[in-house]
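Summary of structural features
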Amino acid sequence: MLEIQNIRKSFGGTEVLKGVSLKVEKGDVVAILGPSGSGKTTLLRCINFLEQADSGAFLFDGQQFSYDRITKKEIAALRKKTAFVFQNYNLFQNKTALQNVTEGLVIGRRMPKGQAAEIGRRMLDKVGMSERYDYYPSQLSGGQQQRVAIARALAADPEIIYFDEPTSALDPELIGEVLEVMRQLAREGMTMLVVTHEMDFAREVSSQVIFMEDGAVVETGSAREFFENPKEERTRAFLRM
C-alpha cells in the first residue's frame, strides 16, 4: 500500500537521507531502528510531508508521486489517509482530551460536533482513557497524553499510522501502557510505521525491521531474521549494544 523509492534529503550541505527505499504492505508493522542521527525521524517526516524531500518517488494505494513535483492539494489528500503520532504528544494545552481528539475532525474535516464527539469518546475508550474525557494535558501523565495522541490519530480513520519514537519522552514506568495500546492495534491489523528504540517491541510486534545508519538502510528483513540471524556486521554490533 506504501512504497518509498530512493528518497533523498539534505539540510544545507549535509545529506541526511541517501537514497532510502522501503515498502509497507497493508497490515504490516514496520519498525525503523538505528542509532541517534541515522535519519530515522527525518525519513518518517518526509514520508508524511512534514519535511519536503529533495527527490524520490512516493507510491500510495496504487498512485505514484514525485517528491520534487507533488502539489499541496495532493499532499492534503494523502494526509487524510494517514496519521502521525509525535514524540512529544503535540496536544493543545488549552483543550481537554476529548477536544484534542475531535479538533481535527471538526475543523479539518468539517464534521458535525456531535458526530466528532461520539468518535472521540469511542477512540479514547479504545486507548483506556474513558475516565479522562474532560482532563487537560497538564492533568495527565505523559503516558496518558500519548494515549490521547494515539486516540486522535485513530479518530481520523487512517490507512496507516506513523509513530515517531512514541515512548522516547516517557518515564520508564509509563512506556508499557503506550506499547500495549500499540500491540493491540497491531493485533487488530492496523498498518504502522514505527521509529523506535524499543527492541522488545520491535522483536515481538513488527512484521518487518529496517535498520538505518548515516542516512542509509543497512539491513532489512523480517523481525525474526533481523534479531536471530542479522546479515551485516554493523547490525550485529548494534544489537549487542
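Residues numbered from 1 in each chain as written. Predicted model: local features only at pLDDT ≥ 70, side-chain atom pairs only at ≥ 80, totals over all residues. Heavy atoms only, no water.

1. Describing the layout of surface pockets
Of the voids in this model, the largest pocket is the one considered here, and its volume is about 630 Å³. Lining the largest pocket are 22 residues; nearest its centre among them are Thr82, Ala83, Gly104, Arg152 and Ala156. Mapped by element, the contributors of at least two residues to the lining of the largest pocket are α2 (72-79), β6 (82-85), α3 (97-108) and α5 (142-155). Classifying every residue of the lining of the largest pocket by side-chain character gives 11 nonpolar, six polar and five charged. (1 Å grid on protein atoms, 1.4 Å probe; cavity = no way out; pocket = protein on both sides within 12 Å on 5 of 7 lines; lining within 4 Å. Points joined across faces, edges and corners; volume = space filled by probe spheres on them. Helix = DSSP H or I, 4+ residues; strand = E, 2+ residues; numbered from the N terminus. Nonpolar A, V, L, I, M, F, W, Y, C, P; charged D, E, K, R; others polar.)

2. Quick notes on the pattern of salt bridges
Tallying each qualifying case throughout the model produces 16 salt bridges. Here glutamate 228 and arginine 224 are joined by a salt bridge, their closest N and O atoms 3.4 Å apart. You can see glutamate 228 and its partner arginine 224 sitting in helix α8 (residues 223-228), four residues apart, about one turn around the helix. Residue classification places glutamate 228 among the exposed residues on the basis of a relative accessible area of 56%. Here the salt bridges do not stand alone but share partners, grouping Glu180, Arg183, Arg187 and Glu204 into one network. (Salt bridge = Lys/Arg side-chain N within 4 Å of Asp/Glu carboxyl O. Buried < 20%, exposed > 50% of the residue type's maximum accessible area, 1.4 Å probe, protein only.)

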